[in-house]
Amino acid sequence: GSVSTELEKTFCCDLTGTVGCDGAKDPCEEWGIKLATEAARAAVAEDSASAEKERADAAEAKIEELERKARDAEELLAQARKEAEEAKSKLQELEAKVNEEEGKRMKCEQELEEAKTSAQEGENKVKEEVKRCEDELKLEKTRLQELQEMLDGARETAKASQESHATAQGDLA
């Protein structure tokens, strides 16, 4: 008759609803077997639940690992996108520089072509001037020759005139 036993008895009696639990016959005996069976079932269920929880925990850990890997992959992808954008930007800058240089080259070629044309025109003008001078020189030579001939003619005439004059003077003397 300890207090604990009394409490158990009251508990059993309350559960079974048996009247007169204070009697010699213990209604808890039958109930004890039921409780033991239930306890065993509960233990098995608990083990099963524990195993399920372990599996769930493992699955959760796996999910967390996969989520972490997914985040890492997303970060790598974002980094790769950023690098691709930077590369694209650099490429555009280079293309712009190439176009600028190409423009400069074309302008230089155009200026060179203009300078060649200008030089050619200058050369042609010089050639024309030289030819004009040569033509003038020929003309002057021809005029000079004509004058020389006229001069020679005049000298001859003067000489002949002088001689005839001298002859005439001689005739007078």
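Reading the values: the criteria
- Think of each chain on its own: its residues are numbered from 1, step by step along the sequence as written.
- This being a predicted model, a pLDDT of at least 70 is required before a residue's local features are given, and a value of 80 or more before pairs of side-chain atoms are given or counted; all residues contribute to the totals for chains, interfaces and linings.
- Values shown for side chains rest on all heavy atoms present in the structure; no hydrogens or waters enter the calculation.
- Working definition: helices are DSSP H or I runs of at least four residues, strands are E runs of at least two. Numbering for both runs from the N terminus.
- Working definition: with a 1.4 Å probe on protein chains only, accessible area under 20% of the residue-type maximum means buried, over 50% means exposed, and in between means partly exposed.
- Residue burial considers only the protein chains on display, and all accessible areas are found by Shrake-Rupley using a 1.4 Å probe.
- Salt bridge criterion: a side-chain nitrogen from Lys or Arg within 4 Å of a carboxyl oxygen from Asp or Glu.

### Things to note about the overall build of the protein
Within the protein, the regular secondary structure consists of two helices and zero strands. Counting only residues that meet the buried cut, the protein has 3% of its 173 residues in that class. As displayed, the protein has an accessible area near 15,400 Å², and 57% of this comes from carbon and sulfur atoms.

### Some remarks on the pattern of salt bridges
Scanning the model with the defined rule gives 15 salt bridges in all. A salt bridge links Arg68 to Asp72, with the shortest nitrogen-to-oxygen separation between them at 3.5 Å. With Arg68 and Asp72 both in helix H2 (residues 28-172) and four residues apart, this pair spans about one turn of that helix. Ionic pairing is found between Arg132 and Glu129, a salt bridge with its closest N-O pair at 2.5 Å. On the criterion of helical spacing, the pair formed by Arg132 and Glu129 is a turn pair, its members being three residues apart in helix H2. Residue Arg132 is classed as partly exposed on the basis of its relative accessible area, which comes to 41%. Among the ionic contacts, a cluster of salt bridges with common partners joins Glu100, Glu101 and Lys104.

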